[in-house]
Each structure stands twice: as structure tokens, then as C-alpha cells.
Number of protein chains: 2
Amino acid sequence: MEHNYTDLMTKDQKLIEAYLAHAFDDSAYYGDLREAIEYSLLSGGKRIRPILTLESCVLCGGSKEDALAFASGVEMVHTYSLIHDDLPAMDNDDLRRGRPTNHVVYGEATAILTGDALLTAAFGQLAKAELPADRIVAAVRCLAQNAGAAGMVGGQVLDMAGEGRALTRQELEQLQLLKTGALISAAAELGCIAAGGTMEQRGKLHEYAMAIGLAFQIRDDMLDVTSTDQELGKPVGSDKNNEKTTFVSLLGLERCAELVEKLTEKAVDSLNGFEDPQFHVWLARLLAKRNK
Amino acid sequence: MEHNYTDLMTKDQKLIEAYLAHAFDDSAYYGDLREAIEYSLLSGGKRIRPILTLESCVLCGGSKEDALAFASGVEMVHTYSLIHDDLPAMDNDDLRRGRPTNHVVYGEATAILTGDALLTAAFGQLAKAELPADRIVAAVRCLAQNAGAAGMVGGQVLDMAGEGRALTRQELEQLQLLKTGALISAAAELGCIAAGGTMEQRGKLHEYAMAIGLAFQIRDDMLDVTSTDQELGKPVGSDKNNEKTTFVSLLGLERCAELVEKLTEKAVDSLNGFEDPQFHVWLARLLAKRNK
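Residues numbered from 1 in each chain as written. Chains lettered and ligands numbered in written order. Predicted model: local features only at pLDDT ≥ 70, side-chain atom pairs only at ≥ 80, totals over all residues. Heavy atoms only, no water.

## Here we look at the state of the cysteines
Residues and elements named next belong to chain A.
Argument step 1. Under the counting rule described, the total for this entry stands at zero disulfides over all chains.
Argument step 2. With no disulfide of its own, Cys 142 has Cys 192 as its nearest cysteine by sulfur position, at a separation of 9.5 Å.
Argument step 3. Cys 142 sits in the buried class, given a relative accessible area of 4%.
Argument step 4. Cys 192 takes part in no disulfide bond, and the closest cysteine sulfur to it belongs to Cys 60, at a distance of 3.7 Å. (Disulfide = S-S within 2.5 Å. Buried < 20%, exposed > 50% of the residue type's maximum accessible area, 1.4 Å probe, protein only.)

Below, the structure is given as C-alpha cells:
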């Protein structure tokens, strides 16, 4: 059966945008917090993570609607992490997705609080899902594990600690598996959990996600030297300026391209046993070729 | 029946300290993140919030053990909020509980990430509780609501926005009910939820907590002018230096003392109907008289 996966992805994006646009409706807000939240949350990201949640739910026999609340929680965690990573005390980036970063527009204090509010709301979203309570508990546990000290935050700690000194390839891989891979894995696993999938399915999706996560980051490093500010929506060359070790600085562009290829095939292989993994296969290959 | 509530409180503190000391054992850590987490988490706070969780669980017919995981989650949220509030971009405080603040010791980037890790871990703790899944889901929802944009974070937003201009009493009350009251309410409500208490019990505990929370903050404002750095473990006079409106600046010390008294009696009254609310009564009166 042939599918038009680009259309499917656009449809998923629209579902997610519509959900996120109303996620903060039923709450009180103070100061410019809602504006600051939505400035970053509704700024047209690619929505790869929440799409992965929806489609992994479908892959494991559930519906997209089942996974929407979980998907939005994952995207909120992703958005908070970008806001905090961009702060002057962290990567000190002024541009994100073609627009001034949150702290440039709203100030540092509000940017910190916007991140805190989004992280808190992410778990609130999980708890709002109309799913059996044991699935929600599993999702909270999975997201906390992957987004916290042993996952994404741990990766950012390594990233900050590594600035200005050369990392080994092993150190860089560990850093990126934590910083990027862990949340992408949570995205896929939460879809499986929403569907009531098996631990075996969840394990396969974890393997898949860690492989595409690493490939994603290597591709990011490549684009940081081969792309332009305008194409990328953020300053190219920032890794070099921040004296960061990247896969390109360690391996060169050619070997990076080979590695992305290899990881993508590894991701595809880990889908063995699923009935209809074609979207996931297509997505892995799409991400390997992306230009922004 | 006579009780020695001071001993009971000390016993609760020890339970909580012991639990928190091992809360981060079964995880991987990177850089100095674990040290930074435990520097702030195990720095001898009063543990009022988690004690309230344990005792509210007992009040509603549960055991302290049932509530320990929830209690530790509440304390982690409290600790993260202190770390972020102390940051240079926020209140810019160098001293907390008699020691240099987190960012003074570990730097701003690590302090931001330490807060992020603690907030994330808090929800992980909730999900770890050995309780029926529906109680955990209710706890996640309650904590997210009270700690987030519509609660504690919202209060901090108002606090930052209010610096350097005079607030009305109504504005100040709203700010403090959000900034301090909401998390104290979550602490009490989570105890009720752990016990499988009724919505009526939860409502009463909410009333109680909001009243003692506001009294607590008014007492804080009083101590900021009447105490010394050493007694308080943080710099006195910081409100004045930050040009913050306080209950003392609005009402004067005498009317503040009356208001604390009135709120404490309101808190006590809201416990009507509980079989044995004596600890909660004692705690409300203790907090009203505290000197640090």
C-alpha cells in the first residue's frame, strides 16, 4: 500500500498545533507569562517529537487521539529545554526558529519562569489524558526519567561542562544520546504507553528513537557548517564560536554522512516485528536528509 | 489525649531526611549535578511542606509511609523554586539557610539545571509511590496545577513584575497566595490524596493551607525587619533593598501580627469535622509564632 507520508505528517502537525493552541486556555495567567509561553510553544517547530508520539501510538494499535495529551506534554518539555538552553548563562543564543529567543523578548527572569511553567504543565498534560490511570503513571515515570538528571538535563550538564575543551567521540555520543536521544525516546515510548503496547514494542521503539536521535544530532552538526542562518532559522557556526566539539569537528563531513546513514538503517532494523512500520521508516530516512 | 508534637515533628523530619537522602541513589549523574541537587535539597530546611503531607495523610486515615513519596516530591518542587528564585536574574540572593546559594557555589548554568532536574524528579517521585494509580494521577494533576503558571510560578511572575513599584494589599495577597500558599496547599492535598480521602476533606485542607500559607508569608515579612541575618540564615532587609512591597510596609508590624492571628484561627476553624486535627492546630499556631 502506497501512502503520502508528507501529507500524513502535515495532518499530524495540524492536530498538534490545534491542541497546543488551546492547552493553556483553562488556566489563570499572570503578567506576560501566557504570551511568553505561547511565543515559544507556538513558534512553528517541526513537531517531530509529538508526531512520533502520535504515530508510535498508532503503530502499537492505538489512535492518535489517545496520544494527543502525551504528545503535547513531550513538546512542552522540548520547548522548555530550548528556552533554558538559550539563556545567557547557558548557550546565550539570540535567535531560534528565525525569531529572537524568549529571554531577548521577555527578559531573563520571565524566560526562566516560562521554562518552569512549561515543564510543570507537561506533567499536568500527561495527567489530563483520558486513558487508564496505570498508563498515565507509566508515562509520568518515563518522561521524568528521560527528561531529568539521568536524561536530557544530564546531557545539558555534560554539554556545559564540555565547552572549551575537546571531547572524545565516546563522550560526545553519550552527551548527545542524553541531550537529544532521551526525549525522542520518551516521545516514542509515550505513544506505545498510550496505546497499551507491550514492553517488547516499547523496547524496539526505544532503540529506534535513540538511533534517529543520534543521527538527528549529527545532521544538526553538519547543517551548522553547511547551511546558512536564514535556512536554519538560527545562527550557523555557533558550535565553533562556542568552542564545542561536534561530530563534524571530530569526524569530518564525509564520515558524519556515513554515520547518519548507518544509524538510520539501525533505526529501521529495530522496527522488525511491527505490522506496519512504514511511516517510522520514512521518517527516519527523511530526518537523515533534512536541510533545516 | 496529650501529645508531644515537637517530638512528632522531629520524627517526621527524620523520616523525610532519610527518604530524600536516598531519593537520587538509583540514577545516573553527570558533572556535579548530584552534588548540586543534594547541596540544596539536604541543606536542613524546616520541611514544613512534606511534614504537612505526611500528617494530612494520617489525618485522612492513611499512614505516613503511604505519603512519603508524595511528600518528597513536594519538597523537591519547593527546593527547585528556591534555587531559581535566588538566581541573579530573579532575586539575586547570595545566602540561603545560612549558606551560599546554589548558583554562588555551582554557577548559574548548573543552578538552572539543578532546578530543572529537581522539578522533573518531583513528578518522577509522585509516580514512584506504591499507591493506586488513580491517586497518583490525581496527585500529578494537583501538583502541576499548584506549582505551575496558575500557582507558584504565577506568583513568582507577579513578584518579579511588582519589584520597584508599590503593590496594593489585594495585589500582595494574591501574589503571596500563589507564590507560597499554592504549594503549601498542594502539600496538604497530596496527603489527603495519598490516604484516599474525600473531596470534602481535601477542600478543608486547602482552606487550612491557604490560611497558614498567607500567615507564614506575613510572618516572613515581619521577620525580615525584626530578625538578624544569623537568626534567619539569610540576609534581613532584603525586601527593602529589592524595593518590594511587603505586608509590613503596607500595614505595619502591629496589624501584621493581628492578621497572622486572625488567619491562624481561620485555619484552625477550617479543620472542623476532622476526628483528630490536633497536630494541624498546633502546627498553625507554631508557624504563627516562629522566629526563623
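## So, the relation of the copies chain B and chain A
Argument step 1. With an axial shift of 0.0 Å and an RMSD of 0.0 Å, the rotation relating chain B to chain A amounts to 180 degrees. Both chain copies can therefore be described as sitting about a two-fold axis. Residue B:Ala133, judged by its C-alpha, is the member of chain B lying nearest the rotation axis, at 2.7 Å.
Argument step 2. Comparing contact sets, 100% of the residues at the interface of chain B also lie at the interface in chain A, consistent with an isologous, same-surface contact. (Least-squares fit on C-alpha atoms with pLDDT ≥ 70 in both. Contact = heavy atoms within 4.5 Å.)

## Observations concerning the side chain of B:Gln125
Residue and element names in this part refer to chain B.
Argument step 1. Within the secondary structure layout, Gln 125 lies in helix H6 (residues 108–128).
Argument step 2. What makes Gln 125 buried here is its relative accessible area of 3%.
Argument step 3. A polar contact is formed between the side chain of Gln 125 and the side chain of Ser 72, at a distance of 3.2 Å.
Argument step 4. In this structure, Gln 125 is in contact with Tyr 19, Ala 23, Ala 69, Ser 72, Gly 73 and Met 76, ignoring residues within four places of it in sequence. (Helix = DSSP H or I, 4+ residues; strand = E, 2+ residues; numbered from the N terminus. Polar contact = N/O pair within 3.5 Å; in protein donor to acceptor, adjacent residues only side chain to side chain.)

## Things to note about the interface of chain B and chain A
Argument step 1. At the junction of the two partners, chain B supplies 43 residues and chain A supplies 43 residues.
Argument step 2. The contact between chain B and chain A buries some 3,600 Å² in all, and 79% of this surface belongs to carbon and sulfur atoms.
Argument step 3. Interface area lost by chain B to chain A is led by B:Tyr30, B:Leu113 and B:Thr120, which between them contribute 18%.
Argument step 4. In this structure, the connection of chain B to chain A is made through zero salt bridges.
Argument step 5. Remark: the boundary between chain B and chain A carries four residue pairs in polar contact (both at pLDDT 80 or more).
Argument step 6. For the side of chain B that touches chain A, the secondary structure elements donating two or more residues are helix H2 (33–41), helix H4 (64–86), H6, helix H7 (133–147), helix H8 (152–162) and helix H9 (169–195) of chain B.
Argument step 7. Among the elements that take part in the side of chain B that touches chain A, H6(B) stands out by supplying 12 residues, more than any other.
Argument step 8. Of the residues belonging to the side of chain B that touches chain A, the class tally is 29 nonpolar, nine polar and five charged. (Buried area = accessible area lost by both parts, 1.4 Å probe. Salt bridge = Lys/Arg side-chain N within 4 Å of Asp/Glu carboxyl O. Nonpolar A, V, L, I, M, F, W, Y, C, P; charged D, E, K, R; others polar.)

## Structural notes on the packing of helix H7 (residues 133–147) of chain A against H7(B)
Argument step 1. Two numbers describe how H7(A) lies on H7(B): the axes approach to 8 Å, and their chain directions differ by 55 degrees. By the angle class used here, H7(A) and H7(B) are oblique. H7(B) is crossed by H7(A), and the crossing has left-handed handedness. Facing H7(A), whose interface residues are A:Ala133, A:Asp134, A:Ile136, A:Val137 and A:Val140, H7(B) presents B:Ala133, B:Asp134, B:Ile136, B:Val137 and B:Val140.
Argument step 2. Its residues assigned to classes, the contact of H7(A) with H7(B) comprises eight nonpolar, no polar and two charged. (Axes fitted to C-alpha atoms, helices over the stretch in contact; angles between N-to-C directions. Parallel < 35°, antiparallel > 145°, perpendicular 65-115°, else oblique. Left-handed = near helix turned anticlockwise from the far one by under 90°.)

## Considering the confidence of the model for chain A
Argument step 1. Per-residue confidence for chain A gives a mean pLDDT of 93, with 95% of residues at or over 70.
Argument step 2. In the predicted assembly, ipTM is 0.95 and pTM is 0.95. (pLDDT = per-residue confidence, 0-100.)

## Some words on the packing of aromatic side chains
Argument step 1. As enumerated under the stated definition, the model contains 11 aromatic pairs over all chains in all.
Argument step 2. Between A:Tyr39 and A:Tyr106 the ring centres are 5.6 Å apart and the planes differ by 75 degrees, which places this aromatic pair in the edge-to-face class. Taken together, the residues span a long stretch of sequence, with A:Tyr39 in helix H2 (residues 33–41) and A:Tyr106 in helix H5 (residues 102–106) at a distance of 67 residues. A:Tyr106 carries the same exposure label as A:Tyr39, and that label is buried.
Argument step 3. With a centroid separation of 4.6 Å and 10 degrees between ring planes, the pair formed by A:Phe123 and B:Phe123 is classed as stacked. (Phe/Tyr/Trp six-rings, centres within 6.5 Å; stacked < 30°, edge-to-face > 60°.)

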